[in-house]
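Single-letter residue listing:
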There are 2 protein chains.
Amino acid sequence: MEIISIPKIMQETSKEYLVDGKTIGLVPTMGALHEGHLSLVGRAKQENDITVVSIFVNPIQFGASEDLERYPRDIEGDTEKLRREKVDIIFMPEISSMYPEVFLTYVEVEKISERLCGAFRPGHFRGVATVVTKLLNIVKPTRAYFGQKDFQQSIIIKQLVKDLNMDVDVVVCPTVREQDGLAMSSRNAYLDRAQREAATVIYRCLKEASDLIKSGVIDRTYIKGLMQDRLLKEPAVSSVDYAGVYDPETMNELSEIKGDVLLTVALRIGDTRLIDNMLVTSSDYQIQQPNFKSLKERAI
Amino acid sequence: MEIISIPKIMQETSKEYLVDGKTIGLVPTMGALHEGHLSLVGRAKQENDITVVSIFVNPIQFGASEDLERYPRDIEGDTEKLRREKVDIIFMPEISSMYPEVFLTYVEVEKISERLCGAFRPGHFRGVATVVTKLLNIVKPTRAYFGQKDFQQSIIIKQLVKDLNMDVDVVVCPTVREQDGLAMSSRNAYLDRAQREAATVIYRCLKEASDLIKSGVIDRTYIKGLMQDRLLKEPAVSSVDYAGVYDPETMNELSEIKGDVLLTVALRIGDTRLIDNMLVTSSDYQIQQPNFKSLKERAI
């Protein structure tokens, strides 16, 4: 396993692999690796000749009041895990090599970046879009792997890759969960024992709402109310940024449950912000759709 | 010569050349080709195995009140010229394939985009940065060629390529001029005979200022005043957007003439906006610098 820290060397290394006809899979991470990351690594290894994992805690995606300083870091543990997974390259750049003193260019994805987490974390997705563009240009992967836990992020990255004609397949992999349903996240490490227990409310709430929709309860207001209620009833929850039913393409809140819907939650337990989501596809539930064709014919 | 209009086909074509170890030179243009463009093509042909010229009048770099509609187009003439130059590929995408209905991603280069033309054409450089990023991702060139006439644009593109770790060399080539000094520009076609004659004031003004500096007149206020005076005295000039002495790295107006300086002008003759510039390097002129070392020693 090679550890590369200089962007230009990473880029030249990738170029050599590509000229040799090899495919490259990239798993971009901020380190503090858990099973969720490792599932992306596993998938990348399956689908590509060369697997690169980047570890970079990207300062420009953190707001001034956010947890950049205390974000968990575990280079040794991460390196060991990736060695066991037989990853080919860890790309671990210095902040100064990613953002030299004069750094002026940002990638902005409009609209879908402005909702949900974008509304609560101004500049966050601009930071994500910019660093992902940089990482894709440096590593030149054939495929890049992201977790569904960060659903909005994955939608934004798909959009920017399409809009900027970047030559990479974006692969979104299922959220990996603890036994009690809590989505794996590096930020779970912030939780004390009682908070960790309380955090399961997120999965329970998503599951209850999802099961209700699947059973035919497609009243949007009822579902949203129920989600809010379940979360706010948990005393450890200090605030709910959002919880409800959203369009998985536009990230807009839905006015009715129809087609594919995204149940999504962001809340705080103590100072720790946690997010999770569950996609309910139209095939998961049956709705009696009015037969538009016959209605039209009748109108004629 | 191949003509390609579909971005994905262009990208796949380039990829094949790169795997074969070929270098690719890209000359991005908006068509209506003149000798300035052809000098870039010549340079690209000299330095690369494959030369691609893109022709795309990029709508998002034009303001609502600007000349997108009437911007000169001459596909047949352009194709003939490029055939004579033995260009390998013309990439000529449709607007709808570059900007499909849902298009949300923009590349912004801060600060250096905000001055000079950026101040007079809001959104212009965002449009340029975005389309250039797209073209570089589609064509995957080894080198990309731009004219010095659009000096600020070339600085912005160099910055974005560096900031986003794009794997391409940006080559800036000298401005090509008509016999009377007017910088070649597709927009010169807008000028009637009298306007065309009047437009030479730009070159004359730049040349006079440059010669003065080279002769030791390094009074910034005097030079700027002289430039403004020369331009405004020409009756055909309807307005001067800017004319003065700027820092060629930051695009800030200079408070004193020191080191490399950029003399630059943007003005209107009738409805036609014309720009030009001249770089005066520190080696072009001699300044008596105070000897700081001996001053310091004396102070001690």
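The structure we're discussing is the one just above.
Reading the values: rules and limits
Residues numbered from 1 in each chain as written. Chains lettered and ligands numbered in written order. Predicted model: local features only at pLDDT ≥ 70, side-chain atom pairs only at ≥ 80, totals over all residues. Helix = DSSP H or I, 4+ residues; strand = E, 2+ residues; numbered from the N terminus. Rg over C-alpha atoms; globule rule 2.2 N^0.38 Å. Buried ≥ 20, exposed ≤ 12 C-beta atoms within 10 Å, placed from the backbone. Contact = placed C-beta atoms within 7 Å. Core = buried A, V, L, I, M, F, W, Y, C linked by C-beta atoms within 7 Å. Least-squares fit on C-alpha atoms with pLDDT ≥ 70 in both. Pairing = 2+ DSSP bridges. Axes fitted to C-alpha atoms, helices over the stretch in contact; angles between N-to-C directions. Nonpolar A, V, L, I, M, F, W, Y, C, P; charged D, E, K, R; others polar.

Quick notes on the overall build of chain A
Item 1. Secondary structure summary: chain A contains 11 helices and 10 strands in total.
Item 2. A globule of 300 residues ought to have a C-alpha radius of gyration of about 19 Å, and chain A, at 21 Å, matches this closely.
Item 3. Dimensions of chain A, computed from C-alpha atoms along their principal axes, come out at roughly 65 × 55 × 40 Å.
Item 4. Classification of the 300 residues of chain A by burial places 39% in the buried group.
Item 5. Across chain A, every contact between residues at least 6 apart in sequence was considered, and the portion connecting residues at least 24 apart equals 71%.

Quick word on the nonpolar core
Item 1. Judged by nonpolar contacts, the single largest core of 147 residues is most densely connected at A:Val139, A:Ile156, A:Val265, B:Val139, B:Ile156 and B:Val265.
Item 2. Setting aside its immediate chain neighbours within four residues, B:Val139 contacts B:Met10, B:Ser14, B:Ile24, B:Leu26, B:Val52, B:Ser54 and B:Phe91.

Some thoughts on the environment of A:Val41
All names here are of chain A.
Item 1. Along the chain, Val41 turns up in helix H2 (residues 35–47).
Item 2. Given 23 C-beta atoms within 10 Å, Val41 falls into the buried group.
Item 3. Linking Val41 and Val53, residues 12 residues apart in sequence, is a C-alpha distance of 7.6 Å.
Item 4. If sequence neighbours within four positions are ignored, Val41 has contacts with Val27, Thr51, Val53, Glu85 and Val87.

What about the relation of the copies chain B and chain A?
Item 1. For the pair chain B and chain A, the relating rotation is 180°, the translation along its axis is 0.0 Å, and the fit reaches an RMSD of 0.0 Å. Given the turn and translation reported, the copies of this chain are related as if by a two-fold rotation axis.

Section: the environment of A:Tyr106
Item 1. Tracing the backbone shows A:Tyr106 in strand E5 (residues 105–109).
Item 2. Once residues within four sequence positions are removed from consideration, A:Tyr106 is found in contact with A:Arg126, A:Thr130 and B:Glu108.

Some remarks on the sheet that holds strand E6 (residues 143–147) of chain B
All names here are of chain B.
Item 1. Pairing is parallel across the open sheet formed by six strands, whose spatial order is E1-E4-E3-E2-E6-E7. Taken across any chain shown, the strands that pair with only one partner, and hence form the sheet edges, are strand E1 (2–4) and strand E7 (169–173). Recorded for the sheet is a direction-independent mean angle of 25° between the axes of neighbouring strands.
Item 2. The strands touched by helix H1 (residues 7–19) are E1, strand E2 (24–29), strand E3 (50–55) and strand E4 (89–91); relative to E1, the strand with the most contacts, the crossing angle is about 135°.
Item 3. Strands in contact with helix H6 (residues 124–139) are E2, E3, E4 and E6; relative to E2, the strand with the most contacts, it is inclined by about 150°.

Regarding the interface of chain B and chain A
Item 1. Of the residues lining the interface, 25 residues belong to chain B; the matching set on chain A comes to 25 residues.
Item 2. Going through the elements one at a time, H1, strand E5 (105–109), H6 and helix H7 (151–163) of chain B are the ones with two or more residues in the side of chain B that touches chain A.
Item 3. Looking at the side of chain B that touches chain A, the element that brings in the most residues is E5(B), giving five residues.
Item 4. Residues of the side of chain B that touches chain A, tallied by class, amount to 12 nonpolar, seven polar and six charged.
Item 5. In this structure, E5(A) lies alongside E5(B), joined through five bridges in antiparallel fashion. Residue pairing for E5(B): A:Glu108 is matched across the bridge by B:Tyr106.

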